[in-house]
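# Coordinate inspection notes
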Amino acid sequence: MDILHLVVNCQTYSCVWRTLEKALASPLNSRIMQLHRSFKDLRQGDASVTTYMQHTKSLFDELVVAGRPLSLEDFNFYIFYGFHDKFKDLVSSLVTKAEPLSYADLHNHLLTYEFLHKSSLPAMTAIPPLLPTPSLLPSAHLAHRHHQFDFSRNRSRLRGS
């Protein structure tokens, strides 16, 4: 939430805090209705899981500050409802849990699912190896040849000594 516009005319820290408290902590019904409406309109769209979850958490926190926190069940519902269709399998399994998930647990499940189902994941296998292969280093073969030991030439020296 952008709050700079609320405090742009404040000259002191106390003015900033009073203005923010008045604007954000006010349990005005209109603000609470606006926050609930924002939850209902939430959609992940093209946002990453982290961006989407941070947005939902900021709305949740604003309701807490306004004195009207959402239940964890409702919070989970709004998050699930707004997810992209690619998460419907995960949402189906998470909805069946006996207890609602905390923000941290839900975020961890979603990040893992997003990581495992990223379409770019198979492309990571095309990364070249970190260590060079012998075919890439012809000078390594030459260096190896210079250090070969010639047993036939040195055998006569050994017999004579």
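An account of the accompanying structure is given in this report. (Residues numbered from 1 in each chain as written. Predicted model: local features only at pLDDT ≥ 70, side-chain atom pairs only at ≥ 80, totals over all residues. Heavy atoms only, no water.)

This paragraph deals with the nonpolar core. Among the nonpolar cores identified, the biggest contains 25 residues, and Phe39, Met53, Ile79, Phe83, Phe87, Leu106 and Leu110 are the most heavily contacted of them. If you list the elements that add at least two residues to this core, you get helix H3 (29-40), helix H4 (49-65), helix H5 (72-82), helix H6 (88-95) and helix H7 (103-116). A total of 6 residues in this core trace back to one element, the largest contributor, which is H4. (Core = buried A, V, L, I, M, F, W, Y, C linked by side-chain atoms within 4.5 Å. Buried < 20%, exposed > 50% of the residue type's maximum accessible area, 1.4 Å probe, protein only. Helix = DSSP H or I, 4+ residues; strand = E, 2+ residues; numbered from the N terminus.)

The subject of this paragraph is the pattern of salt bridges. On inspection of all chains with the given rule, the structure shows 3 salt bridges. Across the pair Arg31 and Glu62 runs a salt bridge whose closest N-O atoms are separated by 2.0 Å. With a gap of 31 residues between them, Arg31 in helix H3 and Glu62 in helix H4 connect regions that are remote in the sequence. For the salt bridge of Lys57 with Asp61, the shortest nitrogen-to-oxygen distance reads 2.8 Å. Of the two residues, Lys57 and Asp61 are both situated in helix H4; the distance of 4 residues between them amounts to about one turn of the helix. (Salt bridge = Lys/Arg side-chain N within 4 Å of Asp/Glu carboxyl O.)

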